[in-house]
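Architecture at a glance
Given next are the chains, with one letter for each unit.
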2 protein chains.
Amino acid sequence: MAAKIGFVGLGIMGSGMAANVLAKGFDLTVWNRTSSKIQELVEKGARGAHSSAEVAAASSIVLICVTDENAVHEVLFGPQGVVEGARPETLIIDMSTIAPQASSDHAEKIAACGLSMLDAPVSGSKEGADQGTLSIMVGGEKSDFERALFVLEAMGSTIVHVGESCGDGQTVKLVNQLLASGNTLVMCEALLFAQAGGVDLEKTLEAVSGGAAGSWMLTHRGPQVIRRDWQPGFTIDLQLRSISAVLKAAVDNSVPVPLMNQLYEHYKTLQAQGHGQKGHHALIKALENIAGFKVGPVGLPED
Amino acid sequence: MAAKIGFVGLGIMGSGMAANVLAKGFDLTVWNRTSSKIQELVEKGARGAHSSAEVAAASSIVLICVTDENAVHEVLFGPQGVVEGARPETLIIDMSTIAPQASSDHAEKIAACGLSMLDAPVSGSKEGADQGTLSIMVGGEKSDFERALFVLEAMGSTIVHVGESCGDGQTVKLVNQLLASGNTLVMCEALLFAQAGGVDLEKTLEAVSGGAAGSWMLTHRGPQVIRRDWQPGFTIDLQLRSISAVLKAAVDNSVPVPLMNQLYEHYKTLQAQGHGQKGHHALIKALENIAGFKVGPVGLPED
């Protein structure tokens, strides 16, 4: 008998993830606040439910992927929520990106209801969700992780059990955001330095990207900065949310994060200047304003 | 007839580079201040010279790879220097890492002597020099670059003409150092944040290294930091020299480099504390001193 899986939250990420669970042949029940999204999955073979509780009642594993911690709380504990439909053997996996502390709080309430929970935030963007190549960072008890692995493998290509507590996945997701945004800051400082030195920026990237200076960000966003192409892979608005979460967790855990403080200031300023929907590599604009000159060829349109 | 190549400076980098020129079947004449190094190359088939001037007289292309700008100046313009032996068609290629301004100054003097020069600093460490897989960043006139390419290809796998002025190669080398050291700073902040969050650090690296957070430094030095293994690929003493060169060039070109200023402070402090010969990823120690706790498993020996 195929495993019975539930999925709540069929947004930009969730719809692709749910479709991949379905494609592996699992018996899938879905719910989403906007019902048109349910219909799309039903057309692919899923069963549509009328509430999170109904999803939970039909499933041995319930996956959740919603916008923020309030939405997770509502899905779990609100009227017709997961807790109302779940049985003691139901495993709940929250794949949303929320604060580690919120995830830990949810897990505590879930445990008080006699249920089990993992946090399993993802990275890899919509492409990764659609293609089943996400990185999934899982926190919680090892036995629960082992029970969940077969379904996580339908959605991700890198699945790592990063810690024994629910919330640990969220912490590693924040480490991911810290590294990605920090490497962007380094890249922008380097491109300004190169511009000031009068060298060919495209040739510079070609010369340094393959060695000890290399990063995913330099390879993927460096060429965009040089072309002044602000098409977002991840927007400034979203990056500001990530960095705020890093800063909050850093305060909770008493750890200094000076680079993230700098980035917060830069992004807050850029957001106030109306750049929130641009790609986060438009960070260069904040540094250019300080430096008093721009990178890239002269004569590109103002932006 | 095989091209006649000269090589001055058979140190850690130069000896491997010269051996690769020889291995390609070029006619090679070498000189080094310490003559035992000359003997090693002679045993491999090179001709030993008694001075830089003699190397230049025997060669159509003279490669130089020495320690610093004073050494380059001495090799070029000192007694029995390259300029004394060179003819108008001789092409001089300085592969040392020195300040962009110094390289530019040398080129101006060389041009006044009726000679041509490229700067072509390398990255990729001793392994790259030995294996002929260096990245070579070349500044100078395009026609000179084209004349030089065949011999550069004996030493490197990524060879890029980054600008039309001698010194442009040095600028890109500094961009390389800025990126590599900046990514190290980001990595250290991230590892402290992860440690404070209580997650498994090895699992964290496994989860985030392959995606948008990834960098060469995270993949190669992250595991070393976690094991508190300070074996140097590149020492703090050398990194401090690189960063000082970046800061000097940044002042020359009026560009702010706040991350490099922070790194300078950290490395200067670590050097004063006696850590100069450790790998530059021991940067984590400076951040740990501020945070008041360490990364990695409890119980490792003090270091």
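Scroll up a little and you will see the structure.
Attention here is on the structure that accompanies the text. Residue numbering note: each chain is counted from 1, following its sequence as written. Each chain gets a letter, beginning with A, and each ligand a number, beginning with 1, in the order they are written. This being a predicted model, a pLDDT of at least 70 is required before a residue's local features are given, and a value of 80 or more before pairs of side-chain atoms are given or counted; all residues contribute to the totals for chains, interfaces and linings. Water and hydrogen atoms play no part in the side-chain values, which are based on all heavy atoms of the structure.

Here we come to the overall build of chain A. Looking only at helices and strands, chain A features 14 helices and nine strands. Against the globule reference of 19 Å for 303 residues, chain A gives a C-alpha radius of gyration of 21 Å, in line with a compact fold. Along the longest, intermediate and shortest principal axes, the C-alpha atoms of chain A span 65 × 45 × 35 Å. Burial classes: relative accessible area under 20% of the type maximum marks a residue as buried, over 50% as exposed, and values in between as partly exposed (1.4 Å probe, protein chains only). Across the 303 residues that make up chain A, the buried fraction comes to 56%. Across chain A, every contact between residues at least 6 apart in sequence was considered, and the portion connecting residues at least 24 apart equals 65%. Here the open area of atoms and residues is found with the Shrake-Rupley method and a 1.4 Å probe, where only the protein chains shown may cover a residue. By element, 52% of the accessible surface of chain A is carried by carbon and sulfur atoms, the whole surface being about 11,900 Å². Charge counting treats Lys and Arg as positive and Asp and Glu as negative, with His and both chain ends excluded. A single reference atom marks each charge: NZ on Lys, CZ on Arg, CG on Asp, CD on Glu. Charge centroids of chain A, computed over 22 positive and 32 negative side chains, lie 5 Å from each other. Starting at the N terminus, helices and strands are each numbered in turn, a helix being any DSSP run of H or I of at least four residues and a strand any DSSP run of E of at least two. Values of the radius of gyration come from C-alpha atoms, whereas the globule rule sets the reference at 2.2 Å times the count of residues to the power 0.38. Throughout, a contact is declared for two residues whenever any of their heavy atoms are within 4.5 Å.

Residues and elements named next belong to chain A. Each Phe, Tyr or Trp ring, with Trp reduced to its six-membered ring, pairs with another whose centre is within 6.5 Å; inter-plane angles below 30 degrees give stacked pairs, above 60 give edge-to-face pairs, and intermediate values give tilted ones. For the structure shown, the criterion picks out two aromatic pairs over all chains. Relative to F150, the ring of F26 lies with its centre 5.3 Å away and its plane at 85 degrees, an arrangement referred to as edge-to-face. A residue pair is termed long-range when its members are at least 10 positions apart, and F26 in the loop between α1 (14-23) and β2 (27-31) and F150 in helix α8 (residues 142-152) qualify at 124 residues. A relative accessible area of 32% means that F150 is categorised as partly exposed. Here the basic side chain of K109 rests over the ring of F77, its NZ or CZ set 4.3 Å away from the ring centre. Cation placement over rings: the criterion is NZ of Lys or CZ of Arg within 6 Å of the ring centroid and within 35° of the ring normal.

In this section: the relation of the copies chain A and chain B. In superposing the copies, a least-squares fit is computed on C-alpha atoms, taking residues whose pLDDT is at least 70 in both. Mapping chain A onto chain B is achieved by rotating through 180 degrees and translating by 0.0 Å along the same axis, at an RMSD of 0.0 Å. On this basis, the relationship between the two copies can be described by a two-fold rotation axis. Minimal C-alpha distance to the rotation axis in chain A is attained by S215 of chain A, lying at 1.9 Å. The residues that chain A uses at the interface reappear at the interface of chain B in 100% of cases, marking a shared surface.

A few words on the interface of chain A and chain B. Quoted interface sizes are often the accessible area lost when the parts come together. Listed by partner, the interface residues are 57 residues for chain A and 57 residues for chain B. At the boundary of chain A with chain B, total buried surface from both sides reaches about 4,700 Å², with 72% on carbon and sulfur atoms. One speaks of a salt bridge when a side-chain nitrogen belonging to Lys or Arg is within 4 Å of a carboxyl oxygen belonging to Asp or Glu. Applying the counting rule to chain A against chain B returns zero salt bridges. Polar contacts here mean pairs of N or O atoms no more than 3.5 Å apart (in protein, one a potential hydrogen donor and the other a potential acceptor; neighbouring residues in sequence count only if both atoms are side-chain atoms). At the boundary of chain A and chain B, one finds ten residue pairs in polar contact (both at pLDDT 80 or more). Sorting elements by how many residues they give to the side of chain A that touches chain B places helix α9 (residues 168-197) of chain A first, with 21 residues. As a working rule, the residues Ala, Val, Leu, Ile, Met, Phe, Trp, Tyr, Cys and Pro are called nonpolar, Asp, Glu, Lys and Arg charged, and the rest polar, with Gly in that last group. For the side of chain A that touches chain B, the residue count by class is 37 nonpolar, 15 polar and five charged. Here the quantity called buried area is the accessible surface, traced with a 1.4 Å probe, that two parts lose on coming together, added over both.

Residues grouped as a nonpolar core are buried Ala, Val, Leu, Ile, Met, Phe, Trp, Tyr and Cys residues, joined through side-chain atoms within 4.5 Å. Grouped together as the largest cluster of nonpolar side chains are 100 residues, with contacts concentrated most on F193 and M260 of chain A together with F193 and M260 of chain B. When neighbours within four sequence positions are excluded, F193 of chain B is seen to be in contact with T171, L174, V175, L178, V246, A249, A250, V255 and V257 of chain A.

In this section: the pattern of salt bridges. A full pass over the atoms with the stated rule returns 20 salt bridges over all chains. Notably, a salt bridge pairs R87 of chain A with E89 of chain A, separated by 3.4 Å at the nearest N-O pair. Assessed through its relative accessible area of 43%, E89 of chain A is described here as partly exposed. A salt bridge links R228 of chain B to E288 of chain B; the shortest N-O distance between them is 2.8 Å. In this pair, R228 of chain B sits in the loop between α11 (216-227) and α12 (236-252) while E288 of chain B sits in helix α14 (residues 284-291), placing the two residues 60 residues apart along the sequence. Both residues of the pair, R228 of chain B and E288 of chain B, count as buried. Each member of the salt-bridge network shares a partner with another, and the members are K4, D27 and R47 of chain A.

Below, the discussion takes up α9 of chain A. Residues and elements named next belong to chain A. Relative to the 44 Å expected for 30 residues at 1.5 Å per residue, α9 spans 43 Å between its end C-alpha atoms, a close match to the ideal helical length. For α9, the buried fraction is high: 27 of the 30 residues fall into the buried class. Count one or two residues on from α9 and you reach G198, which has phi positive near 80 degrees. Given the number of residues in a helix, its expected span is that number minus one, multiplied by 1.5 Å.

Before going further, it helps to spend a moment on the pairing of strand β8 (residues 134-139) of chain B. All names here are of chain B. For β8, the buried fraction is high: six of the six residues fall into the buried class. Neither face of β8 is exposed, since L134, I136 and V138 on one face and S135, M137 and G139 on the opposite face are all buried. Only strands that DSSP links by at least two bridges are regarded as paired with each other. Where strand β7 (residues 122-123) lies against β8, two bridges are found, and the strand directions are antiparallel. Residue pairing in the sheet places S123 in a bridge with S135 of β8. Of the strand pairs in this sheet, β8 and strand β9 (residues 156-163) are connected by six bridges, and their pairing is parallel. Note that in β9 the partner of V138 across the bridge is H161. The definition of a right-handed crossover adopted here requires that, viewed with the strands pointing away, the path from the first strand over the helix to the second runs clockwise. Tracing the backbone out of β8, into helix α8 (residues 142-152) and back to the parallel element β9 gives a crossover that is right-handed.

Such coordinate-based values are descriptive only and should not be taken to indicate function.
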